[in-house]
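The chain contents come next:
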Amino acid sequence: MTDNPAEQPIPGAPGSVPPSVAEPTEPHEPLPPKPDQGGPETVSPTGQPTGADPARNAQSGAYLTTAQGARLYDTDHSLKAGPRGPVLLQDHHLREKITHFDHERIPERVVHARGAAAHGVFRGYGSASNISKAAFLGRDVETPVFVRFSTVLGSRGSADTVRDTRGFATKFYTEEGVFDLVGNNIPVFFIQDAIKFPDVIHAGKPHPDREIPQAQSAHDTFWDFVTLHTEATHHTLWNMSDRGIPRSYRMMEGFGIHTFRLVDAEGATTLVKFHWKPKLGTHSQVWEEAQIACGVDPDFHRRDLADAIESGAFPQWELGVQTFPDNPEQMFQGIDLLDPTKIVPEELAPVQPVGLMTLDANPSNYFAETEQVAFHVGNMVPGIDVTNDALLQGRLFSYIDTQITRLGGPNFPQLPINRTHAPVNDMLRDGMHQTAVHRGVAPYRPNSLDGGCPFLAGEDTRAFVEVPAEVAASRKVRDAAASFDDHFSQPRLFWLSMSPVEREHIIAAYTFELGKCYEQAVKERGLKVLARIDGELCARVAAGLGLPAPEPDGPLVDSDPSPALSQVGALWPVDGRVVGILVGKDADLDGVRAVCGTVRDTGMVPLVIAPAGGVIGADGDPVTVQRTYATARSVEFDAVLVAGAPGDASAAPDPRVTVLLDEAYRHGKAIGTWAGGGRLLSMAGVPLDAPGVVEGEAATEVLEEVTELLGGHRVWDRFPSTV
Ligand code: HEM
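Rules used in this analysis
Residues numbered from 1 in each chain as written. Predicted model: local features only at pLDDT ≥ 70, side-chain atom pairs only at ≥ 80, totals over all residues. Heavy atoms only, no water. UniProt positions renumbered as here; feature names shortened; annotations may be inferred. Helix = DSSP H or I, 4+ residues; strand = E, 2+ residues; numbered from the N terminus. Contact = heavy atoms within 4.5 Å. Lys, Arg positive; Asp, Glu negative; His and termini not counted. Charge placed at Lys NZ, Arg CZ, Asp CG, Glu CD. Donors = N, O, S within 2.8 Å, 3.2 Å for Na, K, Ca; no water. Core = buried A, V, L, I, M, F, W, Y, C linked by side-chain atoms within 4.5 Å. Buried < 20%, exposed > 50% of the residue type's maximum accessible area, 1.4 Å probe, protein only. Near = heavy atom within 4 Å. Polar contact = N/O pair within 3.5 Å; in protein donor to acceptor, adjacent residues only side chain to side chain. Nonpolar A, V, L, I, M, F, W, Y, C, P; charged D, E, K, R; others polar. Disulfide = S-S within 2.5 Å. Axes fitted to C-alpha atoms, helices over the stretch in contact; angles between N-to-C directions. Parallel < 35°, antiparallel > 145°, perpendicular 65-115°, else oblique. Domains from an automatic or database assignment. Buried area = accessible area lost by both parts, 1.4 Å probe. Salt bridge = Lys/Arg side-chain N within 4 Å of Asp/Glu carboxyl O. Pairing = 2+ DSSP bridges. Right-handed = clockwise from strand over helix to strand, strands pointing away. Expected span 1.5 Å × (residues − 1).

As annotated in an unreviewed UniProt entry, the protein chain carries the name Catalase and is attributed to Streptomyces halstedii. Comment text from UniProt for the protein chain, heading Sequence similarities (unreviewed entry), reads "Belongs to the catalase family. HPII subfamily." According to the UniProt record, the Cofactor (unreviewed entry) comment for the protein chain reads "heme".

**Q** When you look at the overall build of the protein chain in this model, what are you seeing that I'm missing?
**A** Scanning the protein chain from terminus to terminus reveals 17 helices and 21 strands. Along the longest, intermediate and shortest principal axes, the C-alpha atoms of the protein chain span 100 × 85 × 55 Å. Once local pairs closer than 6 in sequence are excluded, the contacts in the protein chain between residues at least 24 apart make up 71%. If you average the places of the 61 positive and of the 95 negative side-chain charges in the protein chain, the two averages end up 3 Å apart.

**Q** Explanation requested: the coordination of the iron atom of the ligand in the structure shown.
**A** Under perfect tetrahedral coordination by four donors, a metal shows angles of 109.5 degrees; under perfect octahedral coordination by six donors, it shows angles of 90 or 180 degrees. Among all protein atoms, only Tyr399 (OH) binds the iron atom of the ligand, sitting 2.0 Å from it. Mapped onto the fold, Tyr399 is located in helix H9 (residues 390-406).

**Q** Mind showing me how you'd approach the nonpolar core here?
**A** Generally speaking, soluble globular proteins have nonpolar side chains that are buried together. Formed by 45 residues in total, the largest nonpolar core has its most connected members in Phe122, Phe136, Phe149, Phe274, Trp276, Met357 and Leu359. Beyond its immediate stretch of four places on either side in the chain, Phe274 contacts Phe179, Leu181, Gly254, Phe255, Gly256, Phe260, Leu262, Leu319, Gly320 and Val321.

**Q** Teacher, can you tell me more about the site of the ligand here?
**A** Taken together, 23 residues surround the ligand, and among them Arg109, Arg148, Tyr399, Gln403 and Arg406 come closest. Between the ligand and Arg109, the relevant distance is 2.8 Å, taken from an oxygen atom to a side-chain nitrogen or oxygen of the residue. A distance of 3.4 Å is found between a nitrogen atom of the ligand and a side-chain nitrogen or oxygen belonging to His112. If one sorts the elements of the shell around the ligand by residue count, H9 sits on top with seven residues. Split by residue class, the shell around the ligand holds eleven nonpolar, eight polar and four charged.

**Q** Honestly, the state of the cysteines in this entry has me stumped. Any pointers?
**A** As used in these notes, a disulfide is a covalent bond between sulfur atoms, one from each of two cysteines. Overall, the coordinates contain zero disulfides when judged by the stated rule. Between Cys517, a cysteine without a disulfide, and Cys538, which holds the nearest cysteine sulfur, the sulfur-to-sulfur distance is 15 Å. On the basis of relative accessible area, Cys517 is assigned to the buried category, the value being 3%.

**Q** I would appreciate a short explanation of the packing of helix H12 (residues 520-533) against helix H13 (residues 535-545) in the present structure.
**A** The relative placement of two packed helices comes down to the angle between their axes together with the axis-to-axis distance. Where H12 meets H13, the closest approach of the two axes is 8 Å, and the angle between their N-to-C directions is 155 degrees. Taken together, the axes of H12 and H13 are roughly antiparallel relative to one another. On H13, the residues touching Lys523, Leu527, Leu530, Ala531 and Ile533 of H12 are Leu537, Cys538, Val541, Ala542 and Leu545. Residues that form the contact of H12 with H13 fall into these classes: nine nonpolar, no polar and one charged.

**Q** Please clarify how the domain arrangement of the protein chain should be interpreted in this entry.
**A** When the parts come together, some accessible area is lost, and that loss is often what is quoted as the size of the interface. Here the protein chain is described as being made up of domain 1 (115-418), domain 2 (497-565) and domain 3 (578-718). With centres defined by C-alpha atoms, the gap from domain 1 to domain 3 works out at 37 Å. Listed as interface residues are eleven residues of domain 1 and, on the opposing side, eleven residues of domain 3. Roughly 1,000 Å² of surface becomes buried between domain 1 and domain 3 when both sides are summed, with 54% attributable to carbon and sulfur atoms. The tally of links between domain 1 and domain 3 comes to four salt bridges. Where Glu289 meets Lys669, a salt bridge forms, and the shortest distance between an N and an O atom there is 2.6 Å. The interface formed by domain 1 and domain 3 includes seven residue pairs in polar contact (both at pLDDT 80 or more). A per-element tally of the side of domain 1 that touches domain 3 places helix H6 (residues 287-296) first, with five residues. Residue composition of the side of domain 1 that touches domain 3, grouped by class: five nonpolar, three polar and three charged.

**Q** Looking at this structure, I do not really get the pattern of salt bridges. What am I missing?
**A** Across all of its chains, the model carries 36 salt bridges by this definition. Across the pair Asp326 and Arg261 runs a salt bridge whose closest N-O atoms are separated by 2.7 Å. Highlighted residues: Asp326 in the loop between strand E8 (316-325) and strand E9 (331-332) and Arg261 in strand E6 (residues 260-263), separated in sequence by 65 residues. Salt-bridge contacts for Arg666 lead to Asp662; the nearest nitrogen and oxygen are separated by 3.2 Å. Of this pair, Arg666 and Asp662 both sit in helix H15 (residues 655-666), four residues apart, roughly one helical turn. For Asp662, a relative accessible area of 28% gives the class partly exposed.

**Q** Teacher, can you tell me more about the environment of Gln490 here?
**A** Relative to the assigned elements, Gln490 resides in helix H10 (residues 489-497). Each C-alpha atom of the pair Gln490 and Val557 lies 8.8 Å from the other, and the pair is 67 residues apart in sequence. Setting aside residues no more than four positions away along its own chain, Gln490 makes contact with His234, Ile335, Thr341, Lys342 and Ile343. Polar contacts involving the side chain of Gln490 include one to the main-chain amide nitrogen of Ile343, which spans 2.6 Å.

**Q** Explanation requested: the side chain of Arg148 in the structure shown.
**A** As for its placement among the helices and strands, Arg148 is situated in strand E2 (residues 142-151). Despite its burial, Arg148 remains without a salt bridge, the nearest opposite charge being carried by Glu371 at 4.8 Å. Among the polar contacts made by the side chain of Arg148, one reaches the main-chain carbonyl oxygen of Ala113 at a distance of 3.2 Å.

**Q** Quick question: what am I supposed to make of the pairing of strand E21 (residues 693-696) here?
**A** Here is the key point about a regular strand: its side chains alternate between the two faces of the sheet. Note: strand E20 (residues 670-674) against E21, four bridges, orientation parallel. Bridge pairing in E21 places Thr673 opposite Glu695. Crossover E20 to E21 through helix H16 (residues 678-683) is right-handed.

**Q** Would you mind showing me how to read H12 here?
**A** Each α-helix winds once per 3.6 residues, and so residues spaced three or four apart point in a common direction. Compared with the 20 Å implied by 1.5 Å per residue over 14 residues, the 20 Å span of H12 between its first and last C-alpha is a close match. Buried residues of H12: Val522, Lys523, Gly526, Leu527, Val529, Leu530, Ala531, Arg532 and Ile533, and no others. Residues of H12 that are buried sit in contact with helix H4 (220-228), helix H5 (233-240), H10, helix H11 (500-515) and H13.

What follows is the structure in structure tokens.
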């Protein structure tokens, strides 16, 4: 016999006495479920219990367990043959942990991979009830929604503030089934027919040889495509405008783009275009700001949305419709309603509000909700139907197809975020990741075994019935209507509707993007396209590229401008705006305390920026520092206040402060100062007599003026303009 436990005889080994188990205690009662480990069964989309236990998924409870619920005593060491020995294959916990980790990633979306989302509620005004029988549009009907905002081109880990179109996809969990409005922040699309979608995306994505550039349109293949397919001119112009670089998801319009068909209770139809109008107005970054934000805070939009919701500044959008008679031509005042590269100016068909959406809750788990949500333009409810728009028709096929791969099989509608809130009674069975436990034997209809035959569409007035629209007899063709050949009249309308400062931004954007192309032929073709929009636009971009400006090879068609397209001019609520308060050595802390309070009371966010973190002014009422000179950058702030003198009059200001003030000034932000802070502004090169620079005696008076300026979003007069 040895003292070494490893050399002791194993119970049960030949020659040893079999160990006996303890006497059973009588009677044997089943243990009650633990409050944090048991609970009611959840119900599948088909109304079947799934056996899933929400508490178990919530990562709660006093013990760490395996996926099967067995308690663990150690998760930091593999099971080894001795402390320095090899790892044993029998270590189930090791294998379970690593295997699961190995499979944590799923394919990212083939487009719109980068996104952020929020939960909310939609309340119908009832104003659309005369043109649509959709229940969720009824007066004061409240419908839960989930909205995902996204960029189009970048990968899942790319930066938020790139120049790109933004996705604006809304899932309405209506009592009649899920309705998905899968739109963008730009009301037109690059192409007129879905068959070109793979091509435009291949052109926009990074080059296949080196996989660069990431999340950019400023490269040869993108410009090659959009100048060869001139139907893309309108969408590209919107991208080059301030719409391509939104200030916040909360400050974007959304558009359904296609013309949809609404159906009333009697079956009468109206054509509509859907619009989301943000209550905070539509605002953008300036290009340099957007570029800086890509580096200093790649999560800029994601953070902005989450922070606003967490702080109770719930963003709101009004849903509206432009309505058009459902005529056989599908035209309105000469505009082809089936061409997704055309808008109908709001001045010709006003946007009529039909409901209000409020986003009031952040997702609890990014993967489970934001990543696994699956939108589909085909998810419609009674009262809403499609039209013959060839882009829309292709989308009807594409989304479910891609999601079968992305989400690993056909049962993704059962994922919690995708589940309808309406009762489900379908005949879909089995497949990968089936979580429903279907009962019965007859998943077909009619049947005489499983409780009879549910209504068929057509027999039930609340069923989704396709509008029996006439389809004109014609020959099969790969072609489009002649009206689809007009690629330039609406880009010119957009250009003519822009304010001078917006035109300057467009000129700068084209000059930048075409300037990043290497191929001379691509740049020259880009200028030819611009010549068809406007002579000055073309000439200014050509000058920037160092190339001659070509003559237009077709007529320039003028139309009345649409003031609704411009973002400049109106005053908007300042809710959620971020005010940076710069505090130096000799700051006026009473003033800082006062403005912090008023900024908060106005629904804005004050962020105090000091040389170091912690609190300042410990005597009396201390002021908490939220940003330091090392962590602050101008792009985070909508306005900057300088709270008093910089300290030592002879010393040069900290260069980080100079950069912050210089950027805030050049990006057209309101700047205010009091108690001698003007000296710091002057040292940083900010002219005190420039528009939007406010110097005053009292902190709160300065803030009042700055708040007024914030209502206009930027100090537009500060941008040079020659157009
Ligand atoms: C008006 C034109 C279009 C708009 C407004 C649009 C909008 C969107 C949006 C917002 C998303 C992201 C949805 C999300 O957040 O999960 C998306 C994804 C996608 N779109 Fe489009 N899209 C358009 C055209 C097309 C076309 C023509 C196709 C294909 C023929 C297409 C294929 C896809 C695919 C495959 C995805 C990824 C879906 C997923 O993985 O769940 N889209 N689109």
